[in-house]
Amino acid sequence: MLLAVENLAVSYGGIQALRGISFTVEEGEVVTLVGANGAGKSTTLKTICGLVRPQAGTISYQDETINKVAPHQIVSRGISQVPEGRRVFTRLTVLENLEMGAYTRNKQETRQSLENVFERFPRLKEREHQLAGTLSGGEQQMLAIGRALMSRPRLLLLDEPSMGLAPMLVREIFSIITEINRSGMTVLLVEQNANMALSIAKRAYVLETGQIVLSGTATEMARNKEVRKAYLGE
Amino acid sequence: MEAIISLLTNPYYIQVVTMMGIFLIAALGLHLITGVTGQFSFGHAAFLSIGAYCSALMSIHLHTPFILNMLAGGLMAALWGVILGFPSLRLTGDYLGITTLGFGEIVRVVFINMKITGGAGGLAGIPRETNILLVYIVVALSIWGIYRIQNSRFGRALVAIREDEIAAESMGINPLLYKIKGFALGTFFAGVSGALFAHLMQYLNPADFGFARSFEILNYVVLGGLGSIPGAILGTAVLSLAPEFLRFVKEYRMMIYGALMVLMMIFRPYGLLGGVDFVQLYKRLKSRRKAGPTLPGNMP
């Protein structure tokens, strides 16, 4: 098991964001957490990254508890995140953004990763010396994903990669995620667009007000009546 | 010809240009803190005063060579930068600004009340060691040093923190540690600048290092253009020379100076050379020629 979350509880002041959730991610899977606004999806990812401290519960990665590991140390353990809202460094060039992604690695590894990322995203290569802030939303999302891949993670965390993108671009981004997974990387995907998420995931968990209410394989979930009603607009 | 020579040897002009160089060193330090790392500091003058008093007292009491005293002044300022940085760099934006402002006032009041600094009467009898040549050698070294820092792996991390602290943290950068290092480096330059100031004026008074001085240096950096070394140089040159050139309008001097700043902020909100980095500009121009049209050079 690559990642195991057990009874994780998080609160912001008096507000309970997560009420003891448990889930696992196996090596090589795409697992998705779906749910409405405020269900606690992003909080879960932030807690795994160490940006938010859990109130209770454990997060173990490769059989080691990582609850108390600082956010900047998480990345060198092999977890990399594509944060919500992309958060690219707008006043740095595309190349500089990607180099930042490989901050914990040496020059040669960086060069190698850079080649891989440019191969996957030829559009980023075209815009190598352009400032990231001048890219379109879709390109920025590609840059954010490329930047996360630069550290060669074993586990890639994606927070709402479809946010603010046109449907065509959403499909493009999701097919890229599938490709990344096929190349052997484990993916944990948080998404409001349940339809898209379920179409590429192997397993899914449905979050509602800080609790997991349903879980199973993605195909099961996509067929489930309640899920269809609540998240797929039927 | 004679007029030019007399202009160049006019002690008043030499003094003005020397002073500009001294404040340029401090401005470069603040450029590193505010322009590169994006942390607001309203107490830069306090670090100047720490460097000034430290080096002056060493010159008076220990008679050690000036270069050593100057470096000691810089290191002492950096030490206090770290001491202040630890608790306050956890704060961001306005809160950090207020903390540094408070620190600046504390330092000033402490110097007024200390015996060894001569208190409110000031500290006199500092040997004159600073000359225009030395100042501009230090200026050149500072520009080179800051340029190297800014374009190093370390500097890139500072810029990443300025752009997005959370994203930087996700890249494996420890923001607090890097902010403290950046702050210490910036305050080191302030300390060196203060040491040169002390050994030019030969007299120090805590009143010279109030918050007005801090804001003056901040103005140099902001008006020149945050994040740009040429900007910091231009800002310092324009703003430190303007009051001298505006002397002919007498009492309207500060009013025009103020109006200039307001107009600047309206028409060039990112400063005269905001975001301009000549080396980067050159690189981008080169790649643009290869890759066809890309982006406007302006700030996003």
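Rules used in this analysis
Residues numbered from 1 in each chain as written. Chains lettered and ligands numbered in written order. Predicted model: local features only at pLDDT ≥ 70, side-chain atom pairs only at ≥ 80, totals over all residues. Helix = DSSP H or I, 4+ residues; strand = E, 2+ residues; numbered from the N terminus. Rg over C-alpha atoms; globule rule 2.2 N^0.38 Å. Contact = placed C-beta atoms within 7 Å. Buried ≥ 20, exposed ≤ 12 C-beta atoms within 10 Å, placed from the backbone. pLDDT = per-residue confidence, 0-100. Nonpolar A, V, L, I, M, F, W, Y, C, P; charged D, E, K, R; others polar. Pairing = 2+ DSSP bridges. Core = buried A, V, L, I, M, F, W, Y, C linked by C-beta atoms within 7 Å. Expected span 1.5 Å × (residues − 1). Axes fitted to C-alpha atoms, helices over the stretch in contact; angles between N-to-C directions. Arc of directions from axis to C-beta. Parallel < 35°, antiparallel > 145°, perpendicular 65-115°, else oblique. Left-handed = near helix turned anticlockwise from the far one by under 90°.

Novice: What is the right way to read the overall build of chain B from this model?
Specialist: Broken down by element type, chain B carries 13 helices and two strands. For a compact globule of 300 residues, the expected C-alpha radius of gyration is about 19 Å, and chain B comes in at 20 Å, within 12% of that figure. Over its C-alpha atoms, taken along the principal directions, chain B stretches across nearly 60 × 55 × 35 Å. In chain B, 79% of the contacts between residues at least 6 apart in sequence involve partners at least 24 apart.

Novice: Which parts of the structure should I look at to understand the overall build of chain A?
Specialist: Across its full length, chain A carries ten helices and ten strands. Here chain A has a C-alpha radius of gyration of 17 Å; the compact-globule value for 234 residues is 17 Å, and the two agree. Viewed in the frame of its principal axes, chain A has a C-alpha envelope of about 45 × 40 × 35 Å. Residue burial in chain A is summarised as follows: out of 234 residues, 47% are buried. Within chain A, residue pairs in contact and separated by at least 24 positions form 65% of the contacts whose partners lie at least 6 positions apart.

Novice: Mind showing me how you'd approach the confidence of the model for chain B here?
Specialist: Do not read the fine detail of predicted coordinates wherever pLDDT is low. Averaged over all residues, the pLDDT of chain B equals 87, while 92% of them reach at least 70. Across the interface, the model reports ipTM at 0.87; the global pTM reads 0.87.

Novice: Looking at this structure, I do not really get the interface of chain A and chain B. What am I missing?
Specialist: How large an interface is tends to be reported as the accessible area lost when its parts come together. Contacts between chain A and chain B engage 25 residues on the former and 22 residues on the latter. When residues of the side of chain A that touches chain B are assigned to their parent elements, the largest contribution, three residues, is made by helix H3 (residues 94-101) of chain A. Looking at the side of chain A that touches chain B residue by residue, the class counts come to ten nonpolar, ten polar and five charged.

Novice: Sorry, what's going on with the pairing of strand S10 (residues 211-217) of chain A here?
Specialist: Within a regular strand, side chains alternate between the sheet's two faces. All names here are of chain A. Direction of pairing for strand S9 (residues 203-208) relative to S10: antiparallel, over a ladder of six bridges. Across the sheet, valine 206 pairs through a bridge with leucine 214, a residue of S10. Between S9 and S10, which pair antiparallel one after the other, the connecting turn spans two residues, and threonine 209 there sits at a positive phi close to 35°.

Novice: Would you mind going over the nonpolar core with me for this structure?
Specialist: Considering soluble globular proteins, one finds that nonpolar side chains tend to be buried as a cluster. If you look at the biggest cluster of nonpolar residues, it comprises 151 residues, and the most contacted ones within it are Leu157 of chain A together with Ala27 of chain B. The residues touching leucine 157 of chain A, leaving out its near neighbours within four places in the chain, are Leu45, Ile48, Cys49, Ile79, Gln81, Val82 and Leu188 of chain A.

Novice: Can you walk me through helix H10 (residues 211-224) of chain B in this structure?
Specialist: Along an α-helix, a turn takes 3.6 residues, which lines up residues three or four apart on a common side. Residues and elements named next belong to chain B. Look at H10: 20 Å from first C-alpha to last across 14 residues, which is about the 20 Å you get at 1.5 Å a residue. At its buried positions, H10 is contacted by helix H2 (11-36), helix H3 (44-62), helix H5 (93-113), helix H11 (229-245) and helix H12 (253-267). Phi for glycine 225, located one or two positions after H10, is positive at around 125°.

Novice: Is there a simple way to explain the sheet that holds strand S8 (residues 186-191) of chain A in this structure?
Specialist: One key point about sheets: their strands pair by backbone hydrogen bonds, in either a parallel or an antiparallel sense. Residue and element names in this part refer to chain A. Strand order in the open sheet formed by six strands is S6-S7-S8-S3-S9-S10, with mixed pairing between adjacent strands. Both outer strands of the open sheet, strand S6 (79-82) and S10, are each paired with one neighbouring strand and no more. Averaged over all pairs of adjacent strands, the angle between their axes in this sheet comes to 15°, without regard to strand direction. Note: strand S7 (residues 155-159) against S8, five bridges, orientation parallel. Following the sheet pairing, leucine 157 is matched in S8 by leucine 188. Contacting strand S3 (30-35), S7 and S8, helix H7 (residues 167-182) runs over the sheet at an angle of about 155° to S8.

Novice: Would you take a moment to explain the sheet that holds strand S4 (residues 56-61) of chain A for this structure?
Specialist: Residue and element names in this part refer to chain A. Pairing is antiparallel across the open sheet formed by four strands, whose spatial order is S2-S1-S4-S5. Looking at strand neighbours, the two that pair on one side only are strand S2 (15-25) and strand S5 (64-65), the edges of this open sheet. Where S4 and S5 come together, two bridges link them in antiparallel fashion. Paired with tyrosine 61 across the two strands is glutamate 64, which belongs to S5. Lying on the sheet, helix H1 (residues 41-49) is in contact with strand S1 (3-12), S2 and S4; it crosses S2 at an angle near 70°.

Novice: For this particular structure, what's the right way to read H7 of chain A?
Specialist: Residues and elements named next belong to chain A. For H7, built from 16 residues, the straight-helix expectation of 22 Å at 1.5 Å per residue is met to within 8% by its first-to-last C-alpha distance of 23 Å. Turning to H7, its buried residues are Val170, Phe174 and Ile177. Summarising the axial view, the buried residues of H7 lie within an arc of 55°, below the 170-degree limit, and thus occupy one face. Pointing more than 90 degrees away from the buried face of H7 are the exposed residues Met168, Ser175, Glu179 and Arg182. Those residues of H7 hidden inside the fold are in contact with S7, S8 and helix H8 (194-200). Where H7 terminates, the next one or two residues include glycine 184, which has phi positive at roughly 110°.

Novice: Looking at this structure, how should I read the packing of H3 of chain B against helix H9 (residues 175-201) of chain B?
Specialist: The axes of two packed helices give the description: the angle between them and the distance between them. All names here are of chain B. The geometry of H3 relative to H9 is characterised by a closest axis approach of 6 Å and an angle of 50° between their N-to-C directions. The orientation of H3 relative to H9 falls into the category oblique. H3 and H9 meet at a crossing whose hand is right-handed. In contact with His44, Phe47, Leu48, Ser49, Ile50, Gly51, Ala52, Ser55, Ala56 and Ser59 of H3, H9 contributes Thr187, Ala190, Gly191, Val192, Ser193, Gly194, Ala195, Phe197, Ala198 and His199. For the contact of H3 with H9, a count of residues per class yields ten nonpolar, ten polar and no charged.

Novice: What's the story with the pairing of S3 of chain A in this structure? I'm lost.
Specialist: Residues and elements named next belong to chain A. Among the six residues that make up S3, six are buried, leaving the element largely enclosed by the rest of the structure. With burial as the criterion, each face of S3 is covered, one bearing Val30, Thr32 and Val34 and the other bearing Val31, Leu33 and Gly35. Pairing of S3 with S8 involves five bridges; the strand directions are parallel. Bridging from a neighbouring strand, leucine 33 pairs with valine 190 of S8. Strand direction decides the pairing type here: S3 and S9, joined by five bridges, are parallel. Its bridge partner being in S9, threonine 32 is matched across the sheet by alanine 204.

Novice: Could you clarify how one ought to interpret the environment of phenylalanine 174 of chain A in this entry?
Specialist: Relative to the assigned elements, phenylalanine 174 of chain A resides in helix H7. Between the C-alpha atoms of phenylalanine 174 of chain A and serine 199 of chain A, which are 25 residues apart in sequence, the distance is 9.2 Å.

Novice: How should the environment of glutamine 211 of chain A be read in this particular structure?
Specialist: Residues and elements named next belong to chain A. As for its placement among the helices and strands, glutamine 211 is situated in strand S10. Overall, glutamine 211 belongs to the partly exposed group, with 15 C-beta atoms counted inside 10 Å. Sequence-distant contacts of glutamine 211, that is, excluding residues within four places in its chain, are made with Arg19 and Ile21.

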